[in-house]
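Notes for the structure review
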Amino acid sequence: MWYVSTRGIAPRVDFEGALFSGYAPDGGLFMPEELPQLDRETLCQWSTLSYPGLVKELCALFIGSELIPKDDLNDLIDRAFSRFRHREVVHLSRLRNGLNVLELWHGVTYAFKDLSLSCTAQFLQYFLEKREKHVTVVVGTSGDTGSAAIESVQGAKNVDIIVLLPKGHCTKIQELQMTTVLKENVHVFGVEGNSDELDEPIKTVFADVAFVKKHNLMSLNSINWSRVLVQMAHHFFAYFQCTPSLDTHPLPLVEVVVPTGAAGNLAAGYIAQKIGLPIRLVVAVNRNDIIHRTVQQGDFSLSEAVKSTLASAMDIQVPYNMERVFWLLFGCDSQVTRALMEQFERTQSVNLPKELHSKEKFYSLGMLSEVVTSESVSDEAITQTMGRCWDENQYLLCPHSAVAVNYHYQQMDRQEPSTPRCCLAPASAAKFPEAVLAAGLTPETPAEIVALEHKETRCTPMRRGDNWTLILQDTIEDLSRRWRGHALNASQ
């Protein structure tokens, strides 16, 4: 299986190359050169698999046994999920009035990112040990990515991780999950800025190709192909749990409601759809509505500022993974995708044309709204949904999950005949007590989260007026020197 850049200039790479690169050297994102097609028979065989079983099948399909033999792959995935609290790893709660909530948050940090990052970290360490290499992972986070990335690699001997978190812009629990990990390979910085601002120094550092190569830098943000790959399993599991039957021709549709900020779960769902999974995608966002505007009006442009919402992990202005969605939408035409994304980077605003002529192909861009439905949800609607779900089911939703469930309630109240529907729940309500209180409900806080309050913390400030890029470069150079010293001592 080969991977190509959505912008078409970078040379193709195998899974290992895509895993270690993050962004392609031409600024694009890696995608499979060819998408396999799953037939009805394969889908029926997969329908009885557990969530880890589905991850194993998808990874085998997209990685290739010449890179990771099947037995090794299965061991890595079992190890990745060994610390999850639920025996199923991912669990479907069937609630009243046809509400299906897929709980993706049974990992150590109570968020869906534990699923993809625990696997990605296993793949990384597998290749690093084989090649006797070291990497420095650099992560910018709006809340959940940082803690899940730290959790997945803490204590790993071939990996250092640097995390930039937006001071005061994530919840207290999210911050403590990062700052209380005191392992030697974990380096956390608290930035006086929002998550888009802290992405700037990271982008600057990664744009210096020689520096990236010299220090073996990589990113684990949602643009990493390995994360998108594992996230495809959410959609397959949702489908098999919610489909009424696999005996009909054609197979029945299931609607999957995806709450998102950076569009990683959306890209994963669109790829799943492209390879043969009969799902209809609904993307649900908070008041940061660039994806909603893109679907509804073709308006892919930045707002003036990021709006702070109760669903804070989705307070993102630049949904990086939309580039993957566009590439698929344009029939894998990298020339068109590159022109579009370069214009967006220059002007921060692109209107998707209604139709497109390129290389004698014709695209109607009404197609995006045919592929995906969208909605944008206010804080008021989030708290109302949390309240309603509690009243009807005694079930606490996190604010991000409520963004998805809000769509279900809207459809139900219209009494429209509906296909089976599954709402993805990206985090546990336990991580967002402030939002639970705002909804007039009582937070339920697990003992492990309460214990964070009493732990020692470590976090280096990046203040306004500091040169953030320079601080980041200096930290990376220092870690490289240390690793070279360790390696030298080990060889003597």
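Residues numbered from 1 in each chain as written. Predicted model: local features only at pLDDT ≥ 70, side-chain atom pairs only at ≥ 80, totals over all residues. Heavy atoms only, no water.

Description of the domain arrangement of the chain
Put simply, the rule is: Per the annotation, domain bounds derive from an automatic or database assignment of domains. Throughout, buried area stands for the accessible area (probe radius 1.4 Å) lost by two parts on being put together, summed over both. Salt bridge, as applied in this entry: a Lys or Arg side-chain nitrogen positioned within 4 Å of an Asp or Glu carboxyl oxygen. Counting of polar contacts relies on pairs of N or O atoms within 3.5 Å, with two restrictions inside protein: one atom must be capable of donating a hydrogen and the other of accepting it, and residues adjacent in sequence are counted only when both atoms are side-chain atoms. Here a strand is any run of E in DSSP of at least two residues, a helix any run of H or I of at least four, and the numbering for each starts at the N terminus.
Under the domain assignment, the chain is made up of domain 1 (134-215 + 446-484) and domain 2 (226-439). Each of domain 1 and domain 2 has a C-alpha centre, and the two are 28 Å apart. The contact between domain 1 and domain 2 buries some 1,200 Å² in all, and 46% of this surface belongs to carbon and sulfur atoms. Remark: the boundary between domain 1 and domain 2 carries zero salt bridges. At the surface where domain 1 touches domain 2, the tally comes to four residue pairs in polar contact (both at pLDDT 80 or more). For the side of domain 1 that touches domain 2, the secondary-structure elements that each account for two or more residues are helix 6 (144-153), helix 7 (172-179) and helix 8 (195-207).

Structural notes on empty space enclosed by the protein
Operational definition: Cavities and pockets are defined on a 1 Å grid built over the protein atoms alone: a cavity is a set of grid points where a 1.4 Å probe fits but cannot escape, while a pocket is an open set with protein on both sides within 12 Å along at least five of seven lines, and lining residues are those with an atom within 4 Å of any such point. Grid points are joined across faces, edges and corners, and a volume is the space filled by probe spheres set on the points. Residues are grouped as follows: nonpolar covers Ala, Val, Leu, Ile, Met, Phe, Trp, Tyr, Cys and Pro; charged covers Asp, Glu, Lys and Arg; every other residue, Gly included, is treated as polar.
Overall, the coordinates contain three cavities of 30 Å³ or more when judged by the stated rule. Roughly 380 Å³ of volume is contained in the largest cavity. Every residue lining the largest cavity is counted, 29 residues in all, and those nearest its centre are Lys 113, Thr 145, Ala 262, Ala 313 and Ile 316. Contributions of two or more residues to the lining of the largest cavity are made by helix 6, helix 8, helix 10 (225-242) and helix 11 (264-274). No other element matches helix 8, which puts four residues into the lining of the largest cavity. Counted by class, the lining of the largest cavity contains eleven nonpolar, 13 polar and five charged residues.

With respect to the sheet that holds strand 16 (residues 421-425)
Rules: At least two DSSP bridges between two strands are needed for those strands to be called paired. Only the stretch in contact is used when fitting a helix axis, every axis being a line fitted to C-alpha atoms; angles between N-to-C directions are given from 0 to 180 degrees. Contact between two residues is taken to exist if any of their heavy atoms lie within 4.5 Å; hydrogens are not considered.
If you trace the six strands from one edge of the open sheet to the other, you get 3-4-16-9-10-15, paired in mixed fashion. The strands lining the two open edges of the sheet, one partner per strand, are strand 3 (91-94) and strand 15 (372-376). Direction aside, neighbouring strands of the sheet carry axes that sit 25 degrees apart on average. Bridge count between strand 4 (residues 100-103) and strand 16: three bridges; the pairing is parallel. Bridge pairing in strand 16 places Glu 103 opposite Ala 425. Lying on the sheet, helix 10 is in contact with strand 3, strand 4, strand 9 (254-259), strand 10 (279-285) and strand 16; it crosses strand 9 at an angle near 140 degrees. Running at roughly 160 degrees to strand 16, helix 17 (residues 399-413) makes contact with strand 4, strand 9, strand 10, strand 15 and strand 16 of the sheet.

Some words on the sheet that holds strand 6 (residues 159-166)
Across the sheet, which stays open at both edges, the five strands sit in the order 8-5-6-7-17 with parallel pairing between neighbours. Because the sheet does not close on itself, it has two edges, and the strands there are strand 8 (217-219) and strand 17 (460-462). In this sheet, adjacent strand axes meet at a mean angle of 25 degrees when their direction is disregarded. Examined bridge by bridge, strand 6 and strand 7 (residues 186-191) share six bridges and lie parallel to one another. Opposite Leu 165, over in strand 7, you have Gly 190 as the bridge partner. Lying over the sheet, helix 7 contacts strand 6 and strand 7, oriented at roughly 155 degrees with respect to strand 6.

Section: the environment of Asn 194
Among the secondary structure elements, Asn 194 is positioned in the loop between strand 7 and helix 8. Placed 122 residues apart in sequence, Asn 194 and Ile 316 show a C-alpha to C-alpha distance of 9.2 Å. If we ignore the near neighbours within four places in the chain, the residues touching Asn 194 are Pro 166, His 169 and Val 306. One polar contact links the side chain of Asn 194 to the main-chain amide nitrogen of Asp 196, over a distance of 3.0 Å.

What to know about the UniProt feature "modified residue: N6-(pyridoxal phosphate)lysine" (unreviewed entry) in the chain
Heads up, the rule is: UniProt positions are given in the numbering used here, feature names are shortened, and annotations may be inferred rather than shown by experiment. Buried means the residue's accessible area, taken with a 1.4 Å probe over protein chains only, is under 20% of the maximum for its type, while exposed means over 50%, and partly exposed covers the values in between.
Mapped onto this structure's residue numbering, the UniProt feature "modified residue: N6-(pyridoxal phosphate)lysine" (unreviewed entry) falls at Lys 113. A residue is classified by how much of its surface remains accessible, and Lys 113, at 9% relative accessible area, is buried. Contacts of Lys 113, omitting those with residues within four sequence positions, involve Asp 144, Thr 145, Ala 148 and Arg 227.

Some details on the nonpolar core
Counted only if it meets this: In this description, a nonpolar core means a group of buried Ala, Val, Leu, Ile, Met, Phe, Trp, Tyr and Cys residues linked to one another through side-chain atoms lying within 4.5 Å.
Counting 119 residues, the largest nonpolar core has Phe 15, Tyr 51, Phe 81, Phe 123, Trp 225 and Phe 236 as its most contacted members. Looking at which element gives the most residues to this core, the answer is helix 10, with twelve residues. Two domains each provide a minimum of three residues to this core, namely domain 1 (134-215 + 446-484) and domain 2 (226-439). Discounting chain neighbours no more than four positions away, the residues touching Trp 225 are Tyr 3, Phe 15, Ala 18, Phe 30, Met 31, Pro 32, Phe 62, Met 232, Ile 271 and Arg 324. By size, the runner-up hydrophobic cluster in this structure holds 34 residues, among which are Ala 402, Tyr 409, Phe 432 and Val 436.

Quick notes on the pairing of strand 3
Bridge count for strand 3 against strand 4 is four bridges, and the pairing is antiparallel. When the sheet's bridge partners are listed, Leu 92 is paired in strand 4 with Leu 102.

Description of the state of the cysteines
What counts is decided by this rule: For the purposes of this analysis, a disulfide is any pair of cysteine sulfur atoms at a distance within 2.5 Å.
This structure, assessed with the given rule, holds zero disulfides. In this structure Cys 44 is a free cysteine whose sulfur lies 17 Å from that of Cys 242, the closest cysteine sulfur available. Cys 44 sits in the partly exposed class, given a relative accessible area of 31%. No disulfide involves Cys 170; its nearest neighbouring cysteine sulfur is the one of Cys 459, lying 9.4 Å away.

Some remarks on the pattern of salt bridges
All told, the structure shown has 18 salt bridges when counted by the stated rule. Here Glu 255 and Arg 280 are joined by a salt bridge, their closest N and O atoms 3.3 Å apart. Of this pair, Glu 255 sits in strand 9 while Arg 280 sits in strand 10, and the two are 25 residues apart along the sequence. Since its relative accessible area comes to 4%, Glu 255 is described here as buried.

Section: the packing of helix 6 against helix 7
Our working rule: For classification purposes, an angle smaller than 35 degrees is called roughly parallel, one larger than 145 roughly antiparallel, one from 65 to 115 roughly perpendicular, and anything else oblique. With the far helix as reference, a near helix turned anticlockwise by less than a right angle produces a left-handed crossing, and one turned clockwise produces a right-handed crossing.
Where helix 6 meets helix 7, the axes come as close as 9 Å, and the angle between the chain directions of the two elements is 30 degrees. Classified by the interaxial angle, the pair formed by helix 6 and helix 7 is roughly parallel. Of the two possible hands of crossing, helix 6 and helix 7 adopt the one that is left-handed. For the pair helix 6 and helix 7, contact is made by Asp 144, Gly 146, Ser 147 and Ile 150 and by Gln 174, Gln 177 and Met 178, respectively. Each residue belonging to the contact of helix 6 with helix 7 can be placed in one class, and the counts come to two nonpolar, four polar and one charged.

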